[in-house]
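# Structural overview for review
The primary structure of each chain is shown beneath.
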Amino acid sequence: MEKQAGPENKENRREIHISVRNLVEFVLRSGDIDNRHSGGAQKEAMLAGGRLHRKIQKRMGAGYRAEVPLKHTVEDEEQEISLIVEGRADGIFEENGIVTIDEIKGMYMDLSRLEEPVEVHMAQAMCYGYFYCCDHGLEGIRLQITYCNLETEDIRRFHADRSLEELRQWFQSVTHEYLKWARFLYHHEQVRDRSILGLQFPFPYREGQRDLVVSVYRTICRGKRLFIQAPTGIGKTLSTVFPAVRAIGEGKAEKLFYLTAKTITRTVAEEALRILRERGLIFSSVTITAKEKFCPMEKPECNPEACPYAKGHYDRVNDAVFDMLHLEQEMTREKIIEYAEKYQVCPFEFCLDLSNWTDGIICDYNYVFDPNVRLKRYFAEGNKGEYLFLVDEAHNLVPRAREMYSAAVRKEDFLEVRRIVKGKVKRLEKQLDSCNKLLLAMKRECESSMVLPDVTALAAGVMGVFGEMETFLEDFPEFEGRDTVLEFYFCLRDFLNAYEQLDEHYRIYAENFGTSSFQVRLLCVNPARILSRCMDQGISTILFSATLLPIRYYKTLLSGNEEDYAVYANSPFPEKNRLLMVATDVSSRYTRRNETEFRKVADYIRAAAAGKHGNYMVFFPSYQYMAELERLFEEEPLKADLIVQGQRMDEAEKTEFLEEFEKERSHSLVAFCVMGGVFSEGIDLKEERLIGVILVGTGLPMVCTEQEILKDYFDETEERGFDFAYQYPGMNKVLQAAGRVIRTPKDQGIILLLDDRFLRREYLELFPREWEHYHMVNRNNVAQCIRDFWDGTLDQ
């Protein structure tokens with residue numbers, strides 16, 4: 001039954017909102033997964049298409065109404081649910097007394113190859129046509145699908161006339177299929193909300209933790225953003241998840257996104273929800289894992305010929321989803337693989353479908369913020385929802401976002417792809433040659449690196465190649481070197497997407513590496529504008545980390561809004577459990593990296609390891625510096641076991657490295673690591689597993705073209721170029737590495753900072769509150785200071 005929800009019974013019904021696009025894509029899909037066409041890229045080009053949409057709409061004249069919001073309400077037979085289907089028609093106009101719904105799609109492919117409109121595009125137009133007929137009492141309507149080539153701006157249109165009755169029958173069949181899912185959602189949410197009603201925080205609050213919980217809850221209620229600087233051990237995950245769950249139970253939000261940078265923090269989020277479930281919470285969650293880690297095949301080739309899970313996937317996946325939703329609350333990677341095997345469906349795509357129906361999603365930042373990876377079912381076309389974003393280890397979002405929104409093309413890639421496609425398509429070869437010549441001319445003008453005012457000509461050339469490659473990949477599904485061509489295709493897509501975003505927060509530069517490489521890079525210096533736009537698609541964002549200092553730096557780069565809320569949580573751990581020392585007689589400055597300084601560092605490492613039998617980590621500014629200390633200890637062995645972080649360690653090697661901290665030994669263990677590397681954060685070595693951290697240097701990034709561009713940009717905008725480009729990111733690495741040592745109230749340990757620059761005012765101002773008291777040491781007194789700490793006789 002369909003009608004607009006009436007006031008007499010609306011309060012008793014659950015309103016479920018779904019976009020027109022999501023509805024038709026969910027109900028109408030069938031058959032195989034097949035990414036061989038256009039390399040699996042969306043035929044519809046979202047970013048570049050927006051501008052062309054507006055251009056086409058303007059050309060259509062004064063009687064053409066653009067971006068018309070339309071919605072329709074469907075009530076289920078039991079009067080429990082109001083299904084509200086909504087969206088925006090690209091255009092509506094009347095010609096010769098006939099009303100036409102216009103659906104515009106931008107594409108890179110050759111439009112002459114389209115024999116009929118894509119089914120889901122026509123389905124979207126049919127929904128809008130039906131809504132408009134119902135709203136305006138029309139007996140029929142014309143549907144127009146407008147396809148436009150984004151490179152040539154050629155247009156091709158398809159038309160179809162539909163009566164109101166035809167549209168009604170079709171729409172009822174679509175919504176009938178969806179309503180069984182909507183009923184499941186409704187009944188699940190009733191049970192969930194009742195379980196949340198009496199839910200209490202699962203442990204006694206640590207000092208400052210209750211204030212943190214209240215701050216998160218109030219921020220969500222006000223629909224704002226909150227930055228939390230909270231030391232390790234206060235329980236940041238539970239302190240954010242618990243109030244978010246309570247807010248969902250009270251109807252203040254619909255879905256929780258827990259966003260992380262690393263796998264280890266995903267497991268922490270899973271554990272937090274597990275703890276709450278043990279206390280009665282009913283709350284479904286899915287953990288989204290990268291496709292490569294899900295794929296049961298040797299190589300992810302998502303087509304029915306290479307993968308049995310891809311063949312007929314869409315015919316089976318809805319049954320798999322329905323089954324798992326009824327039997328499981330916690331949908332981890334292992335559980336998803338188990339059900340995917342049972343139903344013979346692709347585990348990755350299955351996982352994404354599960355996310356439509358769960359209360360919470362635990363995933364990487366990419367799935368919300370990356371334009372190429374973000375979940376289009378939630379965020380396509382600027383869609384907004386009642387979502388809560390919890391951003392864990394938020395300091396990582398700065399470099400990750402810069403990488404997401406930046407892109408580069410390399411001259412050598414054009415030559416390599418030309419070699420692969422030679423003799424297949426002359427037009428594509430010609431386009432590749434044209435781009436190569438443009439890049440060659442730019443290379444001749446660039447000695448080492450140069451900032452460019454614009455790259456209009458290059459972007460036009462890249463668009464030409466990209467358009468030809470769409471057709472090429474359709475025509476040649478199999479050939480030698482296809483993976484290389486496909487990678488190049490995605491590289492061009494990223495470049496064009498970044499080009500669409502160019503504004504004053506970008507810098508364009510060329511870099512010449514001589515005979516080996518020449519690249520042109522679109523660098524997103526400050527990603528705040530794009531990130532903020534993504535956050536605005538939800539209702540509230542909580543960003544938290546043990547190292548969000550200085551908070552102004554992170555507000556500038558993550559939201560761009562000084563008015564966002566911020567709280568600083570004090571450490572709950574006794575100060576007497578930690579010894580913080582700063583060495584006054586050693587430096588890691590580039591100009592002082594010599595044998596004398598290396599030997600000073602070696603002396604400090606010996607003193608620390610001899611102070612008490614236990615496990616220690618030493619963080620160095622680079623692998624090269626670390627190698628110098630390895631050499632010294634080979635010449636004069638350390639009275640401890642020494643393990644060293646390798647470059648490009650695989651998962652097994654990382655696990656083996658950390659397992660060394662579990663072993664019983666007769667003398668100390670010293671682990672050499674690189675600051676900012678894989679062991680600098682996200683590892684949890686509690687109590688006796690780690691009792692000391694030694695940090696060599698201030699963590700400053702290497703001087704390079706990109707860092708200097710960042711410095712110049714922030715000199716212009718913030719008048720703090722060195723701070724923003726070097727000092728703040730460096731200090732973050734220091735604080736992260738130092739945070740490995742005190743993890744619980746029982747932990748005791750030492751932190752030794754080996755660089756006299758830490759005693760400068762600008763560094764002392766960046767110390768967290770719990771570092772207020774520190775001891776200045778040198779090689780003559782450091783051993784005594786450490787002994788006194790472990791003996792309990794040190795005056796703190």
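Look up a bit, the structure's there.
So, here is what we can say about the structure in this document. Just so we're clear, the structure is a prediction, and the values are computed from it rather than from any experiment. (Residues numbered from 1 in each chain as written. Predicted model: local features only at pLDDT ≥ 70, side-chain atom pairs only at ≥ 80, totals over all residues. Heavy atoms only, no water.)

## Remarks on the overall build of the chain
The line we're drawing: Segments assigned H or I by DSSP are reported as helices when at least four residues long, segments assigned E as strands when at least two residues long, and all are numbered from the N terminus. Here the globule rule is a power law, 2.2 Å times the number of residues to the power 0.38, and the radius of gyration is based on C-alpha atoms. Relative accessible area decides the class of each residue, using a 1.4 Å probe on protein chains only: under 20% of the type maximum gives buried, over 50% gives exposed, and in between gives partly exposed. In this description, accessible areas are obtained by the Shrake-Rupley approach with a 1.4 Å probe, and a residue is regarded as covered only by the protein chains that are shown. In this tally Asp and Glu are treated as negative and Lys and Arg as positive; neither His nor the chain ends contributes. In plain terms, the charge of a residue is placed at NZ if it is Lys, CZ if Arg, CG if Asp and CD if Glu.
In terms of helices and strands, the chain carries 27 helices and 25 strands. Relative to the 2.2 N^0.38 estimate, which gives 28 Å for 796 residues, the radius of gyration of the chain is 29 Å and therefore close to what a compact globule would have. C-alpha extents for the chain along the principal axes are approximately 95 × 70 × 50 Å. Taking all 796 residues of the chain together, 57% fall into the buried category. Surface summary for the chain: the accessible area is close to 34200 Å², and the carbon and sulfur share equals 47%. Computed over 105 positive and 130 negative side-chain charges, the separation of the two mean positions in the chain equals 2 Å.

## Overview of empty space enclosed by the protein
The line we're drawing: Both site types are read off a 1 Å grid over the protein atoms alone. A 1.4 Å probe that fits but cannot get out defines a cavity, while an open set with protein on both sides within 12 Å along at least five of seven lines defines a pocket; lining residues have an atom within 4 Å of a point. Grid points are joined across faces, edges and corners, and a volume is the space filled by probe spheres set on the points. Any residue that is not Ala, Val, Leu, Ile, Met, Phe, Trp, Tyr, Cys, Pro, Asp, Glu, Lys or Arg is counted as polar, Gly included; the first ten are nonpolar and the last four charged.
Scanning the model with the defined rule gives five cavities of 30 Å³ or more in all. Taken as a whole, the largest cavity encloses approximately 240 Å³ of empty space. Lining the largest cavity are 18 residues, with P231, T232, G739, E770 and W771 positioned closest to its centre. For the lining of the largest cavity, the element with the most residues is helix α25 (residues 721-738), which contributes three residues. Of the residues that constitute the lining of the largest cavity, the class distribution is 10 nonpolar, five polar and three charged. Its boundaries defined by the atoms lining it, the second largest cavity holds a volume of some 100 Å³. As for the second largest cavity, its lining consists of 15 residues, and the residues nearest its centre are C295, P296, C302, C307 and C346.

## As for the nonpolar core
Soluble globular proteins tend to pack their nonpolar side chains together in the buried interior. Where we set the bar: Here, the term nonpolar core denotes a set of buried Ala, Val, Leu, Ile, Met, Phe, Trp, Tyr and Cys residues that are joined through side-chain atoms within 4.5 Å. By the convention used here, residues are in contact when the closest approach between their heavy atoms is within 4.5 Å.
Counting 192 residues, the largest nonpolar core has F350, F369 and V520 as its most contacted members. With 12 residues, helix α4 (residues 164-197) is the largest single contributor of residues to this core. Excluding anything up to four places from it in sequence, F350 contacts H313, V317, A320, V321, M324, I336, Y339, A340 and V345. Listed in part, the 38 residues of the second largest apolar core include L579, Y604, V696 and C785.

## Notes on a nonpolar patch on the surface
Rules: Two joining distances apply to patches: 9 Å for like charges and 5 Å for nonpolar side chains (Val, Leu, Ile, Met, Phe, Trp, Tyr), and every residue must have over 30% relative accessible area and no salt bridge. Put simply, a salt bridge is a Lys or Arg side-chain nitrogen that is within 4 Å of an Asp or Glu carboxyl oxygen.
A grouping of Y590, M702 and V703 is seen on the molecular surface, where their side chains present a nonpolar patch of about 330 Å² in accessible area. Following the sequence through the fold, M702 ends up in the loop between β23 (692-696) and α24 (705-717).

## Remarks on the pattern of salt bridges
Two side chains that carry opposite charge are able to pair once their charged atoms sit near each other. Counting across every chain of the model gives 62 salt bridges. In this structure, R631 engages E635 in a salt bridge whose closest nitrogen and oxygen atoms are separated by 3.2 Å. Taken together, the residues R631 and E635, both in helix α22 (residues 623-635) and four residues apart, mark about one turn of the helix. Here the salt bridges do not stand alone but share partners, grouping R589, R592, E597, K600 and D756 into one network.

## A few points about the sheet that holds strand β15 (residues 506-512)
Heads up, the condition is: For two strands to be treated as a pair, DSSP must find at least two bridges joining them. Every angle, taken between N-to-C directions, lies between 0 and 180 degrees, and every axis is a line fitted to C-alpha atoms, over only the stretch in contact when it is a helix.
One open sheet holds the four strands; their spatial order is β13-β16-β15-β14, and the pairing between them is antiparallel. Since the sheet does not close on itself, it has two edges, and those belong to β13 (407-410) and β14 (449-452), each with one partner. In this sheet, adjacent strand axes meet at a mean angle of 20° when their direction is disregarded. Summarising the sheet, β15 and strand β16 (residues 518-524) pair through seven bridges and their orientation is antiparallel. Across the sheet, residue I508 finds its bridge partner in β16, namely L522. In this fold helix α16 (residues 426-444) packs onto β14, β15 and β16, with an angle of close to 90° to the strand it touches most, β16.

## Details of the side chain of E189
Definition in use: Under this definition, polar contacts are N or O atom pairs within 3.5 Å; protein pairs additionally need one hydrogen-donor-capable and one acceptor-capable atom, and for neighbouring residues in sequence, both atoms have to be side-chain atoms.
With respect to the helices and strands, E189 occurs in helix α4. Given the relative accessible area of 9%, E189 is considered buried. A distance of 2.5 Å separates a polar atom in the side chain of E189 from a polar atom in the side chain of R14.

## A closer look at helix α1 (residues 20-28)
Among the nine residues in α1, seven count as buried, and that is most of the element. For α1, the full list of buried residues reads V20, R21, N22, L23, V24, F26 and V27.

## Remarks on the state of the cysteines
Rules: Pairs of cysteine sulfur atoms within 2.5 Å are identified as disulfides in what follows.
Evaluation of the coordinates by the stated rule reveals zero disulfides. In this structure C446 is not part of a disulfide, and its nearest cysteine sulfur, from C704, lies 15 Å away. You can call C446 buried: its relative accessible area is 3%.

## Here we look at the sheet that holds strand β12 (residues 387-391)
Spatially, the eight strands line up as an open sheet ordered β10-β9-β11-β8-β12-β17-β7-β18, and their pairing is parallel. Each edge of the open sheet carries a strand with a single partner, namely β10 (330-331) and β18 (565-568). The pairing of strand β8 (residues 255-260) with β12 spans five bridges and is classified as parallel. The residue bridging L259 from the neighbouring strand is V391, located in β12. Running over the sheet, helix α6 (residues 236-249) touches β7 (225-229), β8, β12 and β17 (540-545) and is turned about 160° from β8.

## Let's talk about the pairing of β7
Along any regular strand the residues' side chains alternate between the sheet's two faces. Of all five residues making up β7, five are buried, and the element is well covered by its neighbours. Side chains R225, F227 and Q229 project from β7 onto one buried face, and the interleaved L226 and I228 project onto a second face that is buried too. Of the strand pairs in this sheet, β7 and β17 are connected by five bridges, and their pairing is parallel. When the sheet's bridge partners are listed, Q229 is paired in β17 with S545. Bridge count for β7 against β18 is four bridges, and the pairing is parallel. Within the sheet, the bridge partner assigned to Q229 lies in β18 and is Y568.

## Structural notes on a negative patch on the surface
Side chains of D650, E653, E656 and E659 sit close together on the surface and give a patch of like negative charge. Position of E659 relative to the elements: it lies in helix α23 (residues 651-659). Residue E659 is classed as partly exposed on the basis of its relative accessible area of 44%.

## A short note on the packing of α1 against helix α3 (residues 119-136)
Rule in force here: Orientation labels follow simple angle bins: below 35 degrees gives roughly parallel, above 145 gives roughly antiparallel, 65 to 115 gives roughly perpendicular, and whatever is left gives oblique. Each helix crossing is assigned a hand: it is left-handed if the near helix lies turned anticlockwise from the far helix by less than a right angle, otherwise right-handed if that turn is clockwise.
Axis separation between α1 and α3 bottoms out at 9 Å; the angle between their running directions is 125°. When the interaxial angle is binned, α1 and α3 end up oblique. Crossing handedness for the pair α1 and α3: right-handed. The residues of α3 that touch α1, namely those facing V20, R21, V24, E25 and L28, are E119, V120, A123, Q124, C127, Y128 and F131.

## Things to note about the packing of aromatic side chains
Any aromatic ring pair is given by two values, namely how distant the centres are and how the planes are angled relative to each other. Defined as follows: Two aromatic rings, drawn from Phe, Tyr or Trp (for Trp, its six-membered ring), form a pair once their centres lie within 6.5 Å of each other, and the interplanar angle then sorts them: stacked below 30 degrees, edge-to-face above 60, tilted otherwise. Charges are assigned to positions over rings by a cutoff of 6 Å between ring centre and Lys NZ or Arg CZ, combined with an angular limit of 35 degrees from the ring normal.
Summed over the entire model, instances satisfying the criterion amount to 46 aromatic pairs. Among the aromatic residues, those joined into a ring-pair cluster are F26, Y178, W181, F184, F322 and W357. Directly above the aromatic system of F322 lies the positively charged group of K180, at a separation of 4.9 Å from the ring centroid. Above the plane of the ring of Y568 lies R769, whose end atom (NZ or CZ) is 3.9 Å from the centre.

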